[in-house]
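Spelled out from the first residue to the last, the chains are:
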Amino acid sequence: MNRRKNVVAAGLAATVSALALTLAGAAVPAQAAPSAAAAGVDCDGWVHNNNPDHGIAGCSNNTDRTVTFRAEIVCGWAPDVSGQWVTLAPGQYGESSGVCAIYSSGVGSVGWTIQ
C-alpha cells in the first residue's frame with residue numbers, strides 16, 4: 001500500500017514538473033538572429049494595459065527604405081496569432097496588434113516579423 005502511494009506521488013510530481021516547464025517555456029519569446037531587413041528598424045512588444053489577451057508590437061523605421069512588419073503574439077492555451085502587416089516609410093512609426101482567443105490564458109510574449 002505504501003509503495004503504491006509513493007508511485008502515485010512520484011507520477012504526480014513528474015506531471016506537475018513537466019507542466020510547469022512547458023508553461024514556463026511557452027512564456028519566453030524566442031530570440032532570432034538579426035536579419036538585414038531588421039537592421040535600422042527598432043521594435044518593441046507589449047501587452048495592452050486593460051486587456052491581457054491583446055498584444056501589440058510597435059516599430060520605428062530608421063532606414064532609408066520602406067519596411068513591412070507584423071506582430072507575432074504567443075497565446076497561452078490557445079493558438080498563436082499574427083497581427084496585420086504594417087508598411088512604414090523611412091522615419092515612420094507604426095503598430096501591429098492581435099488578440100488571443102477568449103479561452104487563452106493571455107499573451108505570453110509579443111514578437112514581430114520584418115519583411
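Residues numbered from 1 in each chain as written. Predicted model: local features only at pLDDT ≥ 70, side-chain atom pairs only at ≥ 80, totals over all residues. Heavy atoms only, no water.

Quick look at the pattern of salt bridges
Turning to step 1, where the next piece is worked out: A complete count under the given rule lists one salt bridge for this structure.
Turning to step 2, where the next piece is worked out: Its salt-bridge partner being R70, residue E72 comes within 2.9 Å of it at the nearest N-O pair. (Salt bridge = Lys/Arg side-chain N within 4 Å of Asp/Glu carboxyl O.)

Let's talk about the side chain of S104
Turning to step 1, where the next piece is worked out: Position of S104 relative to the elements: it lies in the loop between β6 (93-99) and β7 (106-114).
Turning to step 2, where the next piece is worked out: A polar side-chain atom of S104 sits 3.1 Å from the main-chain amide nitrogen of G106.
Turning to step 3, where the next piece is worked out: If near-sequence neighbours (up to four positions away) are discounted, S104 is found in contact with D53, C75, G76, W77 and A78. (Helix = DSSP H or I, 4+ residues; strand = E, 2+ residues; numbered from the N terminus. Polar contact = N/O pair within 3.5 Å; in protein donor to acceptor, adjacent residues only side chain to side chain. Contact = heavy atoms within 4.5 Å.)

Here we look at the sheet that holds β6
Turning to step 1, where the next piece is worked out: Pairing in this open sheet of three strands is antiparallel, and the strands run β1-β2-β6 from one edge to the other. In the strand order of this sheet, the two ends are held by β1 (41-47) and β6, each with one partner. On average, each strand axis in the sheet is inclined to that of its neighbour by 15°, with strand direction left out of account.
Turning to step 2, where the next piece is worked out: Bridge count for β1 against strand β2 (residues 54-61) is seven bridges, and the pairing is antiparallel. In the sheet register, D44 faces β2, and the bridge partner there is G58. (Pairing = 2+ DSSP bridges. Axes fitted to C-alpha atoms, helices over the stretch in contact; angles between N-to-C directions.)

Considerations on the state of the cysteines
Turning to step 1, where the next piece is worked out: Considering all chains together, one arrives at two disulfides under this definition.
Turning to step 2, where the next piece is worked out: The disulfide partner of C43 is C59, and the S-S distance across this bridge is 2.0 Å. With the S-S bond torsion at 110°, the cross-link from C43 to C59 turns out right-handed. One end of the pair, C43, is in strand β1; the other, C59, is in strand β2, with 16 residues separating them in the sequence. (Disulfide = S-S within 2.5 Å.)

Considerations on the confidence of the model for the chain
Turning to step 1, where the next piece is worked out: In the predicted model, the chain carries a mean pLDDT of 79, and the fraction of residues at 70 or more is 68%.
Turning to step 2, where the next piece is worked out: When the criterion is pLDDT under 50, residues 1-33 qualifies, and its contacts beyond four places in sequence or with other chains add up to five contacts. (pLDDT = per-residue confidence, 0-100.)

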